[in-house]
Amino acid sequence: MIDKKLLALVQGQRKYIVYTVFLNIGSLFASLCVTAGICLALHLAVAGGGGNYWVPFFLMAAGAAVRYCLTVKSGDIKTRLGNAVKSGLRSRAYDKILRLGVRSAEEMSMAGLTQVTMEGIEQLDLYYAVYLPQFFYAMIAPVILFAVCIFLDWRTSLVLLCCVPLIPVSIVAVSKYAKKIFAKYWGKYTSMGDGFLDSVQGLKELKIFRADEARNEKMNEQAEEFRKITMKVLVMQLASTTIMDLIAYGGAGAGICFAVLAALRGGPVAVSLFLILVAVEFFLPLRSLGSAFHVAMNGASAGQKIIRLLETEEPEWGTEEPEGTELSMEHVSFSYDGSRQVLRDVTMSFPAHAMTAVAGESGTGKSTVISLLTGGQRPQSGCVRAGGRPVESLNREGYYRKLSVVSCSTYIFNDTIRGNFLLAAPDVTEEMIWEALRLVNLDRFIRNAGGLDKMVSEDGANISGGQKQRLALAIALAADRDIYIFDEATSNIDVESETIIMDNILRLSGEKTVIMISHRLANVVRADNIYVLSEGKVAQSGSHERLMEQDGVYRTMYQTQKQLEEVDIRA
Ligand SMILES: Nc1ncnc2c1ncn2[C@@H]1O[C@H](COP(=O)(O)OP(=O)(O)OP(=O)(O)O)[C@@H](O)[C@H]1O
């Protein structure tokens, strides 16, 4: 009934759970004082003779006041516990996502991550703030009551104590089924969220392909499945609550019968009345635990997802600084899933002050090379070095300060042009920004569009695809790094701008380490060295001229592309 892994997640906040349990126990004693006060007052009234009512009055007033204060304090601690758990878990989850880097986006869906870190943690809060304190309190409370009541009537106390374990037995009986059903519930919930986000993001494509109707039906099916599983959860909760009510009230009824019998046998009426009033208290903590259990199960399922996220293996990093700016791969083999080899025994070197290109048909592993060079993925065999040192031995921040990767999907933030530059280069001046914009042929457009204060929408939605790519390139150039990796960075750019940019990148390679990945071989012809990948292996390498002399993949690709471009121009 208690998940050790979930308990271990909140080591720092366990003290709040202990405080809440103690406050609940204090509250129980206060309730007993109130009940004792009532019974004593009745006893004095039945006995007649105008006894001293101050004692029962004091018991009732003090008990009620203490109970009120403890309940308020307990609510306060629960809120503090909940807030500490939520902010602690959220920051651990976000830190983990940051440490996973590019892998988090590759291995987990954004919708899934959002649901787990937002709603999942919200549900988990109830597990810690409500369920766990209630669990420990429910185990202790019946024993305390038994210890008090046994001195009054051992038979009644024993009957009540024996009926109490029936509630946890019923909870355990449904827990296996509940676990399964909640795991299913969360699975359906996250897949519905994934589907929804996917559909919203791809709405334009769905409309263009007239696939929106079919998608709508699919989403309806997902929603219907989610409705069904939600109803199953509710039915299970209702059935379990009914069983627990039957046990609680049945058990209390049995205890009351014994207390009444004791009174009929001539025992003190006030004692029997006390036992009758206290009988339900034996069952209430476990009954409340039963209700909290279902809420907790929901949170626990979300908690398993958070544990899986926190336990995801992350690339290891060291503390060393790269000594130089050259990169290399030595006999590297890599597979994403452990079965299909994407790269096989690949050896490449990317010297400083030179431009090295990686070419090859789609799906041959070019972007995977980038992922390995930047440490986002680690090879199963072979070694990736940066500045002469294995990438895994480097200090990640130190390495990333030397590196800039520009791809066709580099993200542009919803900020001004200046704000986007400042994110990458906090010390950048206006002159440096305009110079970088000039290098990518974007300065005239920005001047006419309102200057550096022009607002850019989320991911550059209010500028063209080519302008977005040129802006990303300009930001990277202004950041002034030692190593530049361009992964299809000019794929959307018009030929005139591309020529200007390629001239500038070539000039840049005189001072920096430049790695260029491009489908368009026209962009790699001026590289100092070109590696041609084919089926995950280096099929050829050398300068454009040398590769054109050989009868290989490169020459075929180059000639095909040239013919297609000529056909395009003629058309
Ligand atoms: N995250 C991933 N998980 C599993 N397989 C992947 C992943 N990323 C890429 N692959 C697979 O690895 C192979 C190489 O992909 P990669 O993106 O490196 O190729 P590429 O040469 O850059 O292709 P393109 O030129 O089309 O961008 C492909 O078969 C691809 O399906």
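Please read these numbers as outputs of a predicted model, since none were measured by experiment. (Residues numbered from 1 in each chain as written. Predicted model: local features only at pLDDT ≥ 70, side-chain atom pairs only at ≥ 80, totals over all residues. Heavy atoms only, no water.)

1. Remarks on the sheet that holds strand β12 (residues 537-542)
What holds strands together in a sheet is hydrogen bonding between their backbones, with the strands either parallel or antiparallel.
Part 1 of the argument: Strand order in this open sheet of six strands is β6-β9-β10-β3-β11-β12, and the pairing throughout is mixed. In this open sheet, the two edge strands, each paired with only one partner strand, are β6 (403-407) and β12. Direction aside, the axes of adjacent strands within the sheet are offset by 15° on average.
Part 2 of the argument: As paired strands, strand β3 (residues 354-360) and strand β10 (residues 513-517) are joined by five bridges and run parallel to one another. Bridge pairing links Ala-354 to Thr-513 in β10.
Part 3 of the argument: Packed on one face of the sheet, helix α17 (residues 495-508) meets β3, β9 (483-487) and β10 and runs near 145° to β10. (Pairing = 2+ DSSP bridges. Helix = DSSP H or I, 4+ residues; strand = E, 2+ residues; numbered from the N terminus. Axes fitted to C-alpha atoms, helices over the stretch in contact; angles between N-to-C directions. Contact = heavy atoms within 4.5 Å.)

2. Brief notes about the pairing of β12
The side chains of a regular strand alternate between both faces of the sheet.
Part 1 of the argument: Bridge count for strand β11 (residues 529-534) against β12 is five bridges, and the pairing is antiparallel. Bridged to Val-532 within β12 is Gln-540.

3. Some words on the packing of aromatic side chains
Two aromatic rings are characterised by how far apart their centres lie and by the angle between their planes.
Part 1 of the argument: Overall, the coordinates contain 21 aromatic pairs when judged by the stated rule.
Part 2 of the argument: Taken together, a centroid distance of 6.1 Å and an interplanar angle of 80° make the contact between Trp-54 and Phe-57 edge-to-face. You can see Trp-54 and its partner Phe-57 sitting in helix α3 (residues 54-100), three residues apart, about one turn around the helix.
Part 3 of the argument: Chaining the aromatic ring pairs together yields one cluster made of Tyr-127, Tyr-128, Tyr-131, Phe-135, Phe-136 and Phe-293.
Part 4 of the argument: The ring of Trp-317 carries Arg-378 above its face, with NZ or CZ at 4.7 Å from the centroid.
Part 5 of the argument: When the ring centre of Trp-434 is taken as origin, the NZ or CZ atom of Arg-447, which lies over that ring, is 4.1 Å away. (Phe/Tyr/Trp six-rings, centres within 6.5 Å; stacked < 30°, edge-to-face > 60°. Lys NZ or Arg CZ within 6 Å of the ring centre and 35° of its normal.)

4. Overview of the domain arrangement of the chain
Part 1 of the argument: Assigned domains of the chain: these are domain 1 (4-311), domain 2 (318-397 + 486-496 + 512-571) and domain 3 (403-480).
Part 2 of the argument: On a C-alpha basis, the centres of domain 1 and domain 3 stand 52 Å from each other. (Domains from an automatic or database assignment.)

5. Points about the pattern of salt bridges
Part 1 of the argument: This structure, assessed with the given rule, holds 23 salt bridges.
Part 2 of the argument: Between Arg-287 and Asp-245 there is a salt bridge; the shortest N-O distance is 2.3 Å. Highlighted residues: Arg-287 in helix α10 (residues 269-311) and Asp-245 in helix α9 (residues 212-264), separated in sequence by 42 residues.
Part 3 of the argument: Residue class for Arg-287 comes out buried when judged on its relative accessible area of 14%. (Salt bridge = Lys/Arg side-chain N within 4 Å of Asp/Glu carboxyl O. Buried < 20%, exposed > 50% of the residue type's maximum accessible area, 1.4 Å probe, protein only.)

6. Digging into the nonpolar core
Part 1 of the argument: By size, the foremost hydrophobic cluster in this structure holds 71 residues, and its most contacted members are Tyr-127, Tyr-128, Tyr-131, Phe-282 and Phe-283.
Part 2 of the argument: Of all the secondary-structure elements, those providing two or more residues to this core are α1 (4-8), α2 (14-47), α3, α5 (110-149), α6 (154-163), α7 (166-201), α9 and α10.
Part 3 of the argument: Top contributing element to this core by residue count: α10, with 17 residues. (Core = buried A, V, L, I, M, F, W, Y, C linked by side-chain atoms within 4.5 Å.)

7. A closer look at the environment of Tyr-531
Part 1 of the argument: Considering the arrangement of structural elements, one finds Tyr-531 in strand β11.
Part 2 of the argument: Among all residues touching Tyr-531, those that are not within four sequence positions of it are Thr-347, Met-348, Ser-349, Thr-356, Ala-357, Val-358, Ala-359, Val-538, Gln-540 and Ser-541.
Part 3 of the argument: Side-chain polar atoms of Tyr-531 contact the backbone nitrogen of Ser-349, separated by 2.9 Å. (Polar contact = N/O pair within 3.5 Å; in protein donor to acceptor, adjacent residues only side chain to side chain.)

8. Describing the site of the ligand
Part 1 of the argument: Lining the immediate environment of the ligand, one finds 13 residues, of which Arg-340, Ser-362, Lys-366, Ser-367 and Thr-368 sit closest.
Part 2 of the argument: Here Ser-362 contributes a side-chain N or O atom positioned 2.6 Å from an oxygen atom of the ligand.
Part 3 of the argument: The contact in question runs from an oxygen atom of the ligand to an N or O atom on the backbone of Ser-367, over 2.8 Å.
Part 4 of the argument: Protein chains bury 63% of the 630 Å² of accessible surface belonging to the ligand in isolation.
Part 5 of the argument: With three residues, the top contributor of residues to the shell around the ligand is helix α11 (residues 366-373). (Near = heavy atom within 4 Å. Areas by Shrake-Rupley, 256 points an atom, 1.4 Å probe, with all protein chains shown as cover.)

9. Regarding unusual backbone geometry
For residues that are not glycine, phi is negative in most cases, and the peptide bond is trans in most cases.
Part 1 of the argument: Positioned with a positive phi, Asp-480 is a non-glycine residue whose angle comes to about 50°.
Part 2 of the argument: You can see Asp-480 is positioned in the loop between α16 (465-478) and β9.
Part 3 of the argument: For Glu-488, which is not glycine, the phi dihedral falls at a positive 50°.
Part 4 of the argument: Topologically, Glu-488 is positioned in the loop between β9 and α17.

10. Some words on the packing of α2 against α3
Describing two packed helices takes the angle between their axes plus the distance from one axis to the other.
Part 1 of the argument: Contact pair α2 / α3: the axes reach a minimum separation of 8 Å and the direction vectors enclose 160°. Classified by the angle between their axes, α2 and α3 sit roughly antiparallel to one another. Crossing handedness for the pair α2 and α3: left-handed.
Part 2 of the argument: The residue inventory of the contact of α2 with α3, partitioned by class, reads 21 nonpolar, nine polar and four charged. (Parallel < 35°, antiparallel > 145°, perpendicular 65-115°, else oblique. Left-handed = near helix turned anticlockwise from the far one by under 90°. Nonpolar A, V, L, I, M, F, W, Y, C, P; charged D, E, K, R; others polar.)

11. A short note on the environment of Gly-303
Part 1 of the argument: Among the structural elements, Gly-303 can be located in helix α10.
Part 2 of the argument: Separated by 297 residues in the primary sequence, Gly-303 and Leu-6 have C-alpha atoms spaced 6.8 Å apart.
Part 3 of the argument: Other than its neighbours up to four places away in sequence, Gly-303 contacts Leu-6 and Leu-124.

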